[in-house]
Amino acid sequence: MALPAALARVPFPVIGAPLFIVSNPKLVIAQCMAGIVGSMPALNARPAAQLDEWLAEITEALAAWDRSHPEQPSAPFAINQIVHKTNDRLEQDMAVCARYRVPIVITSLGARSDINEAVHAWGGVVMHDIINNAFAHKAIEKGADGLIAVAAGAGGHAGVKSPFALLQEIRQWFSGPLALSGAMASGDAVLAALAAGADFAYMGSAFIATDEARASDAYKQCIVDSNSDDIVYTSLFTGVHGNYLKPSIRAAGLDPDQLPESNASAMSFGGGEGSKAKAWKDVWGCGQGIGAVDAVVPAAALVARLKREYAAALQRVVARSPRM
Ligand SMILES: Cc1cc2nc3c(=O)[nH]c(=O)nc-3n(C[C@H](O)[C@H](O)[C@H](O)COP(=O)(O)O)c2cc1C
């Protein structure tokens, strides 16, 4: 199936994933100018009125870039909406997105037909994130245009499925837009995602270690210094299982290898500075792919690395291809 127009004009097949607290207009703009989809959660704008200012900043910066770089236009941007009953800003944030005709909306933690219809009414595309095939069916039945398959090893709230299993099951019945999420931080991984059936690689943690990301220097350096052995999968902090950096858990006074189970009521996505915001500020979400990250760099330099690695990996694959 052909991709919807907004997705078809993405120059390099990567979506910079939305990152609670960490993503901001500076990072989104840098990602889009570099040729990948940039995104951020609407909830990162606080107070809620700031979302309008941030969308104005993003749309104006990208329009100016496109005027001065007609040969190298920016990729479209995406806004992430947490479709969960505790998100008391959802209606208000959707109205702001409608005003700016946000090209791509990423929905998480709940699929709702009325949200999908609202995005379609202004000409936008909805990508919904899921961790298994059953949720994938539900999202498409409710009218999402595309899926983000969140496989094992993803930063933040992550699934437990092998990316191969998840993509294979979804591709048996769904030919629409499909992104793969989880532990990808290299151009080799982008090529692998495409080879396994995805249209896009969906990459979060690697972008935390960029100049533009709104994360502390200690968080960025911890990503540079760590690898998959330093990641723990737990539901303790938000009530939903996710991957976190062990050093930040030790710094919070806990033993990351002996964590108790969580109480699901810890999850809250309201507009205020709730327990979730505090947990994510002190305990750092991160996926398993960060072994590929060895320096804090501008987002454009990270995307340039991904493109170089992708090209080299493609050459290697072609050279190794069996004669059949
Ligand atoms: C610090 C952090 C915050 C995240 N916040 C959100 C969020 O607000 N909304 C969302 O849909 N996904 C969120 N995610 C998940 C990412 O969008 C994405 O699925 C994940 O980063 C991909 O895996 P990777 O980090 O291994 O690349 C977050 C991930 C991290 C690491």
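Residues numbered from 1 in each chain as written. Predicted model: local features only at pLDDT ≥ 70, side-chain atom pairs only at ≥ 80, totals over all residues. Heavy atoms only, no water.

Undergrad: Help me understand the site of the ligand in this model?
TA: Taken together, 26 residues form the shell around the ligand, and within it Phe-20, Asn-80, Ser-108, Gly-204 and Ser-205 come nearest. Separating a nitrogen atom of the ligand from a backbone N or O atom of Phe-20 is a distance of 2.8 Å. The contact in question runs from an oxygen atom of the ligand to an N or O atom on the backbone of Gly-155, over 3.1 Å. At the level of elements, strand E3 (77-82) and strand E9 (200-203) are the ones that each hand at least two residues to the shell around the ligand. Partitioning the shell around the ligand into residue classes produces 14 nonpolar, 11 polar and one charged. (Near = heavy atom within 4 Å. Polar contact = N/O pair within 3.5 Å; in protein donor to acceptor, adjacent residues only side chain to side chain. Helix = DSSP H or I, 4+ residues; strand = E, 2+ residues; numbered from the N terminus. Nonpolar A, V, L, I, M, F, W, Y, C, P; charged D, E, K, R; others polar.)

Undergrad: Help me out: how do you make sense of the environment of Ala-121 in this one?
TA: As for its position among the elements, Ala-121 is in helix H5 (residues 113-121). Taking the C-alpha atoms as reference points, Ala-121 and Ala-195, separated by 74 residues in sequence, lie 33 Å from one another.

Undergrad: Just checking my understanding: could you explain the pattern of salt bridges for this structure?
TA: Note on pairing: side chains with opposite charge can pair once their charged atoms come close. Counted according to the given criterion, the structure contains eight salt bridges. Close ionic contact of Arg-171 with Asp-199 constitutes a salt bridge, the shortest N to O distance being 2.9 Å. Note that Arg-171 is positioned in helix H7 (residues 163-171) and Asp-199 in the loop between helix H8 (187-195) and E9, a separation of 28 residues in sequence. On the accessibility criterion, Asp-199 (24% relative accessible area) is partly exposed. Several salt bridges converge on common partners, so that one network encompasses Glu-91, Arg-112 and Asp-114. (Salt bridge = Lys/Arg side-chain N within 4 Å of Asp/Glu carboxyl O. Buried < 20%, exposed > 50% of the residue type's maximum accessible area, 1.4 Å probe, protein only.)

Undergrad: How should the pairing of strand E5 (residues 125-130) be read in this particular structure?
TA: Successive residues of a regular strand alternate their side chains across the two faces of the sheet. Counted residue by residue, E5 has five buried out of six residues, so it is predominantly covered. Where strand E4 (residues 104-108) lies against E5, four bridges are found, and the strand directions are parallel. Counterpart to Val-105 in the pairing with E5 is Val-126. Following the chain from E4 across H5 to the adjacent parallel E5, one finds a crossover that is right-handed. As defined by bridge partners, E5 adjoins strand E6 (residues 146-150) across four bridges and the pair is classed as parallel. Residue pairing for E6: Ile-130 is matched across the bridge by Ala-149. The parallel pair E5 and E6 is bridged by helix H6 (residues 133-141), and the resulting crossover is right-handed. (Pairing = 2+ DSSP bridges. Right-handed = clockwise from strand over helix to strand, strands pointing away.)

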